[in-house]
Protein chains: 2
Amino acid sequence: MSTNPLLKGTLQTIILKLLEDNAEMYGYEITQKVKEVTAGEIMLTEGALYPALHKLEADGFLETFTQVVDNRVRKYYRLTEEGGKEVTSKLDEARSFIDQLQALLNLKPAIK
Amino acid sequence: MSTNPLLKGTLQTIILKLLEDNAEMYGYEITQKVKEVTAGEIMLTEGALYPALHKLEADGFLETFTQVVDNRVRKYYRLTEEGGKEVTSKLDEARSFIDQLQALLNLKPAIK
DNA sequence: GGGTATACATAATTTTGTTATGTATATAAA
DNA sequence: TTTATATACATAACAAAATTATGTATACCC
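Residues numbered from 1 in each chain as written. Chains lettered and ligands numbered in written order. Predicted model: local features only at pLDDT ≥ 70, side-chain atom pairs only at ≥ 80, totals over all residues. Heavy atoms only, no water.

**Concerning the pattern of salt bridges**
1) Next: Scanning the model with the defined rule gives 12 salt bridges over all chains in all.
2) Next: Put simply, Glu24 of chain A and Arg78 of chain A hold a salt bridge, and the shortest N to O gap is 3.2 Å. Linking Glu24 of chain A in the loop between helix H1 (11-22) and strand E1 (25-26) with Arg78 of chain A in strand E3 (residues 72-79), this pair joins segments that are 54 residues apart in sequence.
3) Next: Judged by relative accessible area, Glu24 of chain A falls into the partly exposed class, the value being 35%.
4) Next: In this structure, the salt-bridge partner of Lys17 of chain B is Glu20 of chain B, at a minimum N-O distance of 3.2 Å. A residue pair is termed a helical-turn pair when its members lie 3 or 4 positions apart in one helix, as Lys17 of chain B and Glu20 of chain B do in helix H1 (residues 11-22) at three residues.
5) Next: Residue Lys17 of chain B is classed as buried on the basis of its relative accessible area, which comes to 7%.
6) Next: Relative accessible area serves as the criterion here: at 39%, Glu20 of chain B is assigned to the partly exposed category. (Salt bridge = Lys/Arg side-chain N within 4 Å of Asp/Glu carboxyl O. Helix = DSSP H or I, 4+ residues; strand = E, 2+ residues; numbered from the N terminus. Buried < 20%, exposed > 50% of the residue type's maximum accessible area, 1.4 Å probe, protein only.)

**Remarks on the environment of Lys17 of chain A**
1) Next: Taking the C-alpha atoms as reference, Lys17 of chain A lies 8.8 Å from Lys90 of chain A; in sequence the two are 73 residues apart.
2) Next: Those residues within four positions of Lys17 of chain A in sequence are excluded, and the remaining contacts are Val87 and Leu91 of chain A together with Leu104, Leu105 and Asn106 of chain B. (Contact = heavy atoms within 4.5 Å.)

**Structural notes on the packing of H1 of chain A against helix H2 (residues 27-37) of chain A**
Residues and elements named next belong to chain A.
1) Next: Where H1 meets H2, the axes come as close as 11 Å, and the angle between the chain directions of the two elements is 95°. What the angle tells us is that H1 and H2 run roughly perpendicular. Where H1 abuts H2, its residues Ile14, Ile15 and Leu18 lie against Ile30, Lys33 and Val34.
2) Next: Here the residues of the contact of H1 with H2 sort into five nonpolar, no polar and one charged. (Axes fitted to C-alpha atoms, helices over the stretch in contact; angles between N-to-C directions. Parallel < 35°, antiparallel > 145°, perpendicular 65-115°, else oblique. Nonpolar A, V, L, I, M, F, W, Y, C, P; charged D, E, K, R; others polar.)

**Brief notes about the packing of aromatic side chains**
Residue and element names in this part refer to chain A.
1) Next: Applying the stated criterion across every chain, the model contains four aromatic pairs over all chains.
2) Next: On the basis of an interplanar angle of 10° and a centroid distance of 5.3 Å, the ring pair of Phe65 and Tyr76 is categorised as stacked. Pair noted here: Phe65 is in strand E2 (residues 62-69) and Tyr76 is in strand E3, with a separation of 11 residues, a long-range link. (Phe/Tyr/Trp six-rings, centres within 6.5 Å; stacked < 30°, edge-to-face > 60°.)

Here is the structure:
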């Protein structure tokens, strides 16, 4: 899997948002969902994803449970209450950042 | 100066784009321009800006000349020909990344 | 003389990725 | 049957790209 250097800083936000929409997801499922939604343009690397999930859990934003399917263990993640608030906050940040970036890069025409 | 973690990966693009629009700028001027355009929401740190400028120069995308104003040295940067091509390429990347990110974060409503 | 603004630079550290590697099961192809 | 691909997790070594802190120096205002 390969990623975009621009991804930096947005991974946590992406994970939190997906869990807001889906309630319960496991790591591999997240990689596939991102791949699907972005038409293969953003591919999460496992070396980035799993540590990010562990950190979000350690920070109290996610909680986990495991389930065995086809003799393989899946570790499911869901938002905690705190995590729910964090999604809102991170999305606001992302929205604002995208706006500023578009302004700087002239990707959004100014009102004339 | 403090920054947004989301800034990661976009600094070079911002610099290159500003130099496409302005032809000649010096470091401090870039920080002020970014601050102005983003209403103070994105503040470039010097520890990020100067090394980024040096790297873009080392990569052949920028060339420099100095000028003394009020007894203080200013180091001006301008795009090289290669740098001109790089702007286009980086902007395409940024555009595409913003699109994917907005799709993932549901910041752009899907067509129904 | 002290604070703020202008103007550059770099070293130490931290954050956050990539790349590589490892373990393990399921399934389809050769 | 063994080999490749997909599923599923994890972590260590390394690199990139920031932040934070520090340093130098001038100009200007109070």
